[in-house]
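# What the coordinates show
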Amino acid sequence: DGGITQSPKYLFRKEGQNVTLSCEQNLNHDAMYWYRQDPGQGLRLIYYSQIVNDFQKGDIAEGYSVSREKKESFPLTVTSAQKNPTAFYLCASSLRGMNTEAFFGQGTRLTVV
Amino acid sequence: AQKITQTQPGMFVQEKEAVTLDCTYDTSDQSYGLFWYKQPSSGEMIFLIYQGSYDEQNATEGRYSLNFQKARKSANLVISASQLGDSAMYFCAMREGTTDSWGKLQFGAGTQVVVTP
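Summarised in this report is the structure supplied together with it. Bear in mind the structure is a predicted one, so any value in this text is a computation, not a measurement.

### Observations concerning the overall build of chain A
- Per the secondary structure count, chain A includes 0 helices and 11 strands.
- Reading chain A from its N terminus to its C terminus gives the helix and strand order β-β-β-β-β-β-β-β-β-β-β.
- In summary, chain A has a C-alpha radius of gyration of 13 Å against a globular reference of 13 Å for 113 residues, a match within 12%.
- C-alpha atoms of chain A, sized along the principal axes, occupy 40 × 25 × 25 Å.
- Per-residue burial for chain A yields a buried fraction of 50% across its 113 residues.
- Counting 12 positive and 11 negative side-chain charges, chain A places the centres of these two groups 6 Å from one another.

Laid out in structure tokens, this is it:
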């Protein structure tokens, strides 16, 4: 089945540690996105990539880093510089173009203690 | 500046009634797309409906319709004949650009809908 896989579903880390969230898609989509969602809040864009080996900062990129070495993969690293990393993280992908819907993964709930 | 505004944090609606969720957007582009998504308590994001800025007719998908008022920069979602399974968070989103040159997909803060028997 085609889709987007995020792993793990739940992740716990100690404060000060970097952590990488995985996002893989087999939909042959060019564009991929990372969003952060806090309880009762909307989705805020962290990073997005329109093509392999290229990505742009979203609205809240500070403390995060990404790479896009393969079309299928867009991992997100939450660094120790992120002041409040505990949140629900959603990865999405879409075809190129203004009118294409984004398909989302199931999300990763990160808790930093 | 906030690009997408959803002014209703939460709404109660009775089963079988219709409900309208408000969404206003801010853009200076002539070409853009508007999307609505549903997020149940499980956390998954479900695409509901799309409206392009050049579409002359309002989009419809089953019980979902989009009341698009371009001059007012408004794209309200109407859910007809509400069902208990419609209880969820609803997000409005926008992407600016064209087919060949397009930007990021940005979301509003969402509206929590609770359908009561």
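### Digging into the packing of aromatic side chains
- Using the criterion set out here, one finds 14 aromatic pairs over all chains in the structure.
- When the centroid spacing of 6.0 Å and the interplanar angle of 40° are considered together, the rings of Tyr35 of chain A and Phe104 of chain A count as tilted. Of this pair, Tyr35 of chain A sits in strand E4 (residues 31-37) while Phe104 of chain A is found in strand E10 (residues 103-104), placing the two residues 69 residues apart along the sequence. With respect to class, Tyr35 of chain A is no different from Phe104 of chain A; both count as buried.
- Here a set of aromatic residues connected by ring pairs shows up, and it is made of Tyr33, Tyr35, Tyr48 and Phe104 of chain A together with Phe35, Tyr37, Phe47, Tyr50, Phe91 and Phe107 of chain B.
- In this structure, Arg68 of chain A packs its charged tip against the face of Phe74 of chain A, placed 6.0 Å from the ring centre.

### Some details on the layout of surface pockets
- What the largest pocket holds in volume is close to 260 Å³.
- The residue inventory of the lining of the largest pocket, partitioned by class, reads 5 nonpolar, 8 polar and 2 charged.

### A closer look at the environment of Arg13 of chain A
All names here are of chain A.
- Structurally, Arg13 is set in strand E2 (residues 10-13).
- Judged by its relative accessible area of 31%, Arg13 is partly exposed.
- Once you skip the residues sitting within four places of it in the chain, Arg13 turns out to touch Asn18, Val19, Thr111, Val112 and Val113.

### What to know about the interface of chain B and chain A
- The interface is formed by 27 residues belonging to chain B together with 24 residues belonging to chain A.
- Buried surface at the junction of chain B and chain A, both sides included, amounts to about 2,000 Å², of which 56% is carbon and sulfur.
- Per-residue buried area on chain B facing chain A is highest for Arg95, Trp102 and Lys104 of chain B; these three make up 31% of the total on that side.
- The closest approach of N and O atoms between Lys104 of chain B and Asp59 of chain A, which form a salt bridge, is 3.6 Å.
- Linking chain B to chain A there are 8 residue pairs in polar contact (both at pLDDT 80 or more).
- Put simply, the parts of the chain that give the side of chain B that touches chain A at least two residues each are strand E5 (32-39), strand E6 (46-52), strand E10 (88-97) and strand E11 (102-107) of chain B.
- Among the elements that line the side of chain B that touches chain A, the one with the most residues is E11 of chain B, at 6 residues.
- The residue makeup of the side of chain B that touches chain A, split by class, is 12 nonpolar, 10 polar and 5 charged.

Quick notes on the rules
- The residue numbers shown here count from 1 along each chain, following its written sequence.
- To read the labels, note that chains go from A and ligands from 1, taken in the order they are written.
- Only residues with pLDDT of at least 70 are given local features in this predicted model, and only at 80 or more are side-chain atom pairs given and counted; all residues enter the totals for whole chains, interfaces and linings.
- Excluding hydrogens and water, the side-chain values take into account all heavy atoms of the structure.
- A run of DSSP states H or I qualifies as a helix once it reaches four residues; a run of E qualifies as a strand once it reaches two. Both are numbered from the N-terminal end.
- Throughout, the radius of gyration refers to the C-alpha atoms, and the reference size of a globule is 2.2 Å times the residue count to the power 0.38.
- Only protein chains enter the accessibility calculation, which uses a 1.4 Å probe. A residue is then buried if its area is under 20% of the maximum for its type, exposed if over 50%, and partly exposed in between.
- The convention is simple: Lys and Arg are positive, Asp and Glu are negative, and His and the chain ends are not counted.
- A charge is said to be at NZ when it belongs to Lys, at CZ for Arg, at CG for Asp and at CD for Glu.
- Note on aromatic contacts: the rings of Phe and Tyr and the six-membered ring of Trp form a pair at centre separations within 6.5 Å, being stacked when their planes are under 30 degrees apart, edge-to-face when over 60 apart, and tilted otherwise.
- Placement of a positive charge over a ring is assigned whenever Lys NZ or Arg CZ falls within 6 Å of the ring centre and within 35 degrees of the normal to the ring plane.
- For cavity detection a 1 Å grid was placed over the protein atoms alone, and a set of points counts as a cavity when a 1.4 Å probe fits there but cannot get out; an open set counts as a pocket when protein lies on both sides within 12 Å along at least five of seven lines, with lining residues being those that have an atom within 4 Å of a point.
- Grid points are joined across faces, edges and corners, and a volume is the space filled by probe spheres set on the points.
- Under the convention adopted here, Pro, Cys and the residues Ala, Val, Leu, Ile, Met, Phe, Trp and Tyr are nonpolar, Asp, Glu, Lys and Arg are charged, and Gly plus all remaining residues are polar.
- Here a residue-residue contact requires only that any non-hydrogen atoms of the pair lie within 4.5 Å.
- A quick way to say it: buried area is the sum, across both parts, of accessible area lost when two parts are put together, with a 1.4 Å probe.
- For this document, the term salt bridge refers to a Lys or Arg side-chain nitrogen within 4 Å of an Asp or Glu carboxyl oxygen.
- Here a polar contact is recorded for every N or O atom pair within 3.5 Å, except that within protein the pair must consist of a potential hydrogen donor and a potential acceptor, and residues adjacent in sequence are included only if both atoms are side-chain atoms.

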